[in-house]
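# Notes for the structure review
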Amino acid sequence: MIYANRSVGKIFSKGMCHPFFFRGRPVDYASVVEKIEELAAGAGGDPSVASIDKMIRIVDLSTGERRTYTLTEPGKSNPRRGLVSIFSPLGAALLSSKVGEVVKVVMMGFEKEVRIIEVQ
């Protein structure tokens with residue numbers, strides 16, 4: 001969960017040097033920071049909203065494959081273990097999404113749609 005006293009700058013600067021940091025346009029970074037600020041302001045209190053340290057279960061709408069991820073700060077990510085940085089393409093797309101929502105994720109030039117089926 002994101003707490004209001006946590007520094008957005010601290011999270012952002014950690015991501016800048018992390019190997020899984022996405023190399024997007026400034027508007028992409030701004031979008032993630034905006035989501036973090038909204039969650040810190042209170043939207044993260046909703047148990048159905050994906051935020052840092054929450055487990056998110058998704059289903060790929062094109063294949064039916066189900067996967068489980070935990071959103072993390074950049075320095076704690078480990079994609080092989082399902083720990084996904086909020087600054088990765090997948091993490092940025094999932095951040096602040098809600099149960100039942102369909103999210104578009106662009107990774108390695110491919111666009112996928114996934115549905116959020118559970119947030120814990």
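Residues numbered from 1 in each chain as written. Predicted model: local features only at pLDDT ≥ 70, side-chain atom pairs only at ≥ 80, totals over all residues. Heavy atoms only, no water.

A separate point is the environment of Val99. For Val99, the location among the structural elements is in the loop between helix 3 (89-94) and strand 4 (102-107). The exposure class assigned to Val99 is partly exposed, which follows from its relative accessible area of 42%. Separated by 43 residues in the primary sequence, Val99 and Ile56 place their C-alpha atoms 8.9 Å from one another. (Helix = DSSP H or I, 4+ residues; strand = E, 2+ residues; numbered from the N terminus. Buried < 20%, exposed > 50% of the residue type's maximum accessible area, 1.4 Å probe, protein only.)

For the rest of this paragraph, the subject is the pattern of salt bridges. Enumeration according to the criterion identifies 3 salt bridges in this entry. Across the pair Arg57 and Glu118 runs a salt bridge, and its minimum N-O distance is 2.8 Å. On the criterion of sequence distance, the pair formed by Arg57 in strand 1 (residues 55-60) and Glu118 in strand 5 (residues 110-119) is long-range, its members being 61 residues apart. Note on Arg57: relative accessible area 29%, which makes it partly exposed. Measuring nitrogen to oxygen at the nearest pair gives 2.6 Å for the salt bridge that ties Asp60 to Lys112. Of this pair, Asp60 sits in strand 1 while Lys112 sits in strand 5; the two residues are 52 residues apart in sequence, bridging distant segments of the chain. Since its relative accessible area comes to 8%, Asp60 is described here as buried. (Salt bridge = Lys/Arg side-chain N within 4 Å of Asp/Glu carboxyl O.)

On to the sheet that holds strand 3 (residues 83-85). Within the open sheet, the 5 strands sit side by side as 3-2-1-5-4. Their pairing is mixed. A single partner strand is all that each edge strand has here, and the edge strands are strand 3 and strand 4. Across the sheet, the axes of successive neighbouring strands diverge by a mean angle of 45°, strand direction being ignored. Direction of pairing for strand 2 (residues 66-72) relative to strand 3: parallel, over a ladder of 3 bridges. (Pairing = 2+ DSSP bridges. Axes fitted to C-alpha atoms, helices over the stretch in contact; angles between N-to-C directions.)

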